[in-house]
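# Per-entry structural report
If you want the building blocks of each chain, they are given just below.
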Amino acid sequence: QVQLVESGGGLVQPGGSLRLSCAASGSRFSVYTMGWYGQAPGKQRELVAAITSGGDTNYADSVKGRFTISRDNAKNTVYLQMSSLKPEDTAVYYCNAKLPFITYWGQGTQVTVSS
């Protein structure tokens, strides 16, 4: 069992930055593929960024060059550095831990980009 707790969301102006954190409880954090998903109002939850156990990353086209995902296995934490934020980045951001046949979700953290 893995529990995920996100933090770092909030209100930010366009062009600003935020860093989201996701702290995981339980063992074997390093073997999970970790991801960040965003869900805007009235829309489906979509992958924003993911990082494998080996450190390979992938990003949604809309955030490439602006967001960076990273992980610290010693701290059981995954991060999402968000820069050059746009109003369309407004969403609830969920942390995800995945292995074949099993997936865990956090409760989400709200990011609002508005002037």
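Going by the structure above, here's the rest.
### Quick notes on the state of the cysteines
Tallying each qualifying case throughout the model produces 1 disulfide. Here Cys22 engages in a disulfide with Cys95; their sulfurs sit 2.1 Å apart. Classification of the bridge connecting Cys22 and Cys95 rests on its S-S torsion, roughly -85°, and on that basis the disulfide is left-handed. One end of the pair, Cys22, is in strand β3 (residues 18-24); the other, Cys95, is in strand β9 (residues 91-99), and 73 residues separate them in sequence. Across the pair, Cys95 and Cys22 agree in class, each one buried.

### Quick word on the sheet that holds strand β7 (residues 67-72)
Ordered by their spatial adjacency, 4 strands build an open sheet running β1-β3-β8-β7, and the pairing between neighbours is antiparallel. Both outer strands of the open sheet, β1 (4-7) and β7, are each paired with one neighbouring strand and no more. Neighbour-to-neighbour, the strand axes of this sheet turn through a mean angle of 15°, independent of strand direction.

### Describing the environment of Ala74
Tracing the chain through its elements places Ala74 in the loop between β7 and β8 (77-82). Between the alpha carbons of Ala74 and Thr112 there is a distance of 30 Å; along the sequence they are 38 residues apart.

### Examining the packing of aromatic side chains
For the coordinates displayed, the defined rule picks out 3 aromatic pairs. Judged by centre distance (6.2 Å) and plane angle (65°), the rings of Tyr32 and Tyr104 are edge-to-face. With Tyr32 in the loop between β3 and β4 (33-39) and Tyr104 in strand β10 (residues 102-105), this pair connects stretches of sequence that are 72 residues apart. When sorted by exposure, Tyr32 lands in the same class as Tyr104, which is buried. Between the aromatic rings of Tyr94 and Trp105, the centroid separation amounts to 6.5 Å while the plane-to-plane angle is 85°, which identifies the pairing as edge-to-face. Of the two residues, Tyr94 is situated in strand β9 and Trp105 in strand β10; the sequence distance between them amounts to 11 residues. Its relative accessible area of 39% is what places Trp105 among the partly exposed residues. Among the aromatic residues, those joined into a ring-pair cluster are Tyr37, Tyr94 and Trp105. Over the ring of Tyr94 we find Arg45, and its NZ or CZ is 3.6 Å from the ring centre. Geometry around Trp105 places Arg45 over its ring, the cationic atom sitting 4.6 Å from the centre.

About the cut-offs
- Residues numbered from 1 in each chain as written.
- Predicted model: local features only at pLDDT ≥ 70, side-chain atom pairs only at ≥ 80, totals over all residues.
- Heavy atoms only, no water.
- Disulfide = S-S within 2.5 Å.
- Helix = DSSP H or I, 4+ residues; strand = E, 2+ residues; numbered from the N terminus.
- Buried < 20%, exposed > 50% of the residue type's maximum accessible area, 1.4 Å probe, protein only.
- Pairing = 2+ DSSP bridges.
- Axes fitted to C-alpha atoms, helices over the stretch in contact; angles between N-to-C directions.
- Phe/Tyr/Trp six-rings, centres within 6.5 Å; stacked < 30°, edge-to-face > 60°.
- Lys NZ or Arg CZ within 6 Å of the ring centre and 35° of its normal.

These figures capture arrangement, not role.
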